[in-house]
Amino acid sequence: MHYRLTVLACSPTVNPFVSLLLSDVQITCLFSENCILPCSFKPTGGEEVQWFRQDAVVYSHPQSIDQPSEQLEGRTSMSTQQLALGNASLLLQRCGPQDRGRYRCRVVKAHIHSVNIDITRLSGFEEVKCSTQDVYPAPRVTWSTEPPTPSDKLRPLTRIMANKQGLYTVESKLKRLKGLSNFTYICTINSSYSARTWRTSLKETEINSAEGKDLTIPCKAPWIMQNFTLTWTFKLTTANETTVICTYDSETQLMSNQWKGRARVDGRTMQTGDASLQLLNPQSVEHTGTYTCIITGLQRRHEGQTVVNVTSPVRLKKISSSKSPEHHTV
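Residues numbered from 1 in each chain as written. Predicted model: local features only at pLDDT ≥ 70, side-chain atom pairs only at ≥ 80, totals over all residues. Heavy atoms only, no water.

The protein has the name HERV-H LTR-associating 2b, tandem duplicate 1 in an unreviewed UniProt entry, where Pygocentrus nattereri is given as its organism. Reading the Subcellular location (unreviewed entry) entry of the UniProt record for the protein gives the comment "Cell membrane". (UniProt positions renumbered as here; feature names shortened; annotations may be inferred.)

See the structure below:
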């Protein structure tokens, strides 16, 4: 006796490699015999595979909280060796009339596209927050600092949340260590099933300088950057607007400088990873604020935030006068 199964090819929105397989595939299985439902994809490593009959999950790899229906439990399997080669075919054992229906397989993997790092002050104290979203499978987060800090002193708090599509959002917070200019915070996020690793870092500094005196604002990533882009921005202390100072692309070696005559970056030092900004003849009103450099490369991102206080001689004189001891005539 024969039973006809309808099999839908892998979802083309998940895997472009099978996007041409749009029509249903008719599979005929023999009663009480084993049957193979085909599904192929282009492997990249760490994919999740789910097989559905109608809207019910009948098999998943790796195992999920959705369990197969009772009548299919123990009768579905998949070769992990073939899975690594892009073959997600499902073996259905001891077919019977209850197995008739429309089957489909879904291959899912959402890579990490970016990792953000910033300073938050919502908990009553300052924290360094590292986050990424819409990734699968659930990634792992680790923290370190430069210079190194013992891991038992970092104690990050990490939250991993899944949305309705099964994709994960990760937020990891670390209480900011004492000393504004002493540490570079490094957040590493990697997938549980692949060697893909993202590293992002943040360093804060503060510089006090006199008006009219050239100064150098530091920016150097804690690792070697290749094929990177650089962006310097400035935010005035008295305003919320952020302006772009300059940009650089290491592949094309093209630089765009919006502050010509006021700031510059040495192209020779950038090849060694030093993207420090030279601020020329700074003025207290125009140049006091936060300078941010962002260096972005392949799965690497470094951000440096520097608060620059430029003080005019007049203000320095007033401050000095206010601090001088009082003299009384007797």
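Asks: When you look at the overall build of the protein in this model, what are you seeing that I'm missing?
Replies: In terms of regular secondary structure, the protein is built from 5 helices and 23 strands. The contacts in the protein between residues at least 6 apart in sequence include a share of 60% that link residues at least 24 apart. When the accessible surface of the protein is totalled, it reaches about 19,200 Å², and 51% of it is carbon and sulfur. (Helix = DSSP H or I, 4+ residues; strand = E, 2+ residues; numbered from the N terminus. Contact = heavy atoms within 4.5 Å. Areas by Shrake-Rupley, 256 points an atom, 1.4 Å probe, with all protein chains shown as cover.)

Asks: Can you help me understand the sheet that holds strand β12 (residues 157–162) in this one?
Replies: What links the strands of a sheet is backbone hydrogen bonding, and the strands pair in either a parallel or an antiparallel sense. Here 4 strands make up an open sheet; going across it, the order is β9-β10-β13-β12 and the pairing antiparallel. Two strands in the sheet have a free side with no partner beyond their single neighbour: β9 (116–120) and β12. Each adjacent strand pair in this sheet contributes to an overall mean axis angle of 20 degrees, direction not counted. (Pairing = 2+ DSSP bridges. Axes fitted to C-alpha atoms, helices over the stretch in contact; angles between N-to-C directions.)

Asks: Mind showing me how you'd approach the pairing of strand β14 (residues 184–190) here?
Replies: As a general feature of sheets, a regular strand has side chains that alternate between the two faces. Of all 7 residues in β14, 7 are buried, a share of seventy percent or more. Where burial is concerned, the two faces of β14 agree: the one with Thr184, Ile186, Thr188 and Asn190 and the one with Tyr185, Cys187 and Ile189 are both buried. Inspection of the sheet shows strand β11 (residues 140–146) paired to β14 by 7 bridges, in the antiparallel sense. Counterpart to Thr142 in the pairing with β14 is Thr188. Examined bridge by bridge, β14 and strand β15 (residues 197–210) share 7 bridges and lie antiparallel to one another. Bridging across to β15, Thr188 finds its partner in Arg199. (Buried < 20%, exposed > 50% of the residue type's maximum accessible area, 1.4 Å probe, protein only.)

Asks: What exactly am I supposed to notice about the sheet that holds strand β7 (residues 90–92) here?
Replies: On the basis of which strands lie adjacent, the open sheet formed by 3 strands has the order β3-β7-β6 and antiparallel pairing. Since the sheet does not close on itself, it has two edges, and those belong to β3 (35–37) and β6 (76–77), each with one partner. Where β6 meets β7, 2 bridges bridge the pair, whose relative direction is antiparallel. Counterpart to Thr76 in the pairing with β7 is Leu92.

Asks: Help me understand unusual backbone geometry in this model?
Replies: Trans peptide bonds make up the majority, and among non-glycine residues the majority have a negative phi. With an omega of 5 degrees, the peptide bond between Glu146 and Pro147 qualifies as cis. Tracing the backbone shows Pro147 in the loop between β11 and α2 (151–154). A positive phi angle, close to 50 degrees, is found at Arg94, a residue other than glycine. By the element assignment, Arg94 lies in the loop between β7 and β8 (102–108).

Asks: Would you explain the pairing of β12 in this entry?
Replies: When β12 meets strand β13 (residues 168–175), the two strands line up antiparallel, connected through 6 bridges. Across the sheet, residue Leu157 finds its bridge partner in β13, namely Lys173. The hairpin turn running from β12 into β13, its antiparallel successor, is 5 residues long, and Gly166 in that turn takes a positive phi close to 85 degrees.

Asks: Where do I start with the side chain of Thr184 in this structure?
Replies: Here Thr184 lies in strand β14. Look at Thr184 and you get buried, because its relative accessible area is 8%. The contact partners of Thr184, leaving out residues within four places of it in the chain, are Ser144, Thr145, Glu146, Ser201, Leu202, Lys203, Pro222 and His302.

Asks: Help me understand the environment of Gly86 in this model?
Replies: Counting through the fold element by element, Gly86 comes out in the loop between α1 (80–84) and β7. Taking the relative accessible area as the measure of exposure, Gly86 reaches 5% and is therefore buried. Sequence spacing of Gly86 and Cys39 is 47 residues, and the spatial spacing of their C-alpha atoms is 8.5 Å. Those residues in contact with Gly86, other than ones at most four positions away along the chain, are Cys39, Ser40, Phe41 and Pro43.

Asks: Mind showing me how you'd approach the environment of Gly304 here?
Replies: In this fold, Gly304 is placed in strand β23 (residues 300–311). Not counting the four nearest positions on each side in its chain, Gly304 is found in contact with Lys203, Tyr291, Thr292 and Cys293.

Asks: Can you help me understand the pattern of salt bridges in this one?
Replies: Two side chains that carry opposite charge are able to pair once their charged atoms sit near each other. With the rule as written, the count across this model stands at 6 salt bridges. Between Arg176 and Glu126 there is a salt bridge; the shortest N-O distance is 2.7 Å. Residue Arg176 is found in the loop between β13 and β14, and its partner Glu126 is found in the loop between β9 and β10 (127–135); the two are separated by 50 residues along the sequence. The partly exposed category is assigned to Glu126, whose relative accessible area is 26%. With a shortest N-O distance of 3.2 Å, Asp266 and Arg268 are connected by a salt bridge. Under the relative-accessibility criterion, Arg268 is labelled exposed at 69%. One network of salt bridges, with partners in common, ties together Arg53, Arg75 and Asp99. (Salt bridge = Lys/Arg side-chain N within 4 Å of Asp/Glu carboxyl O.)

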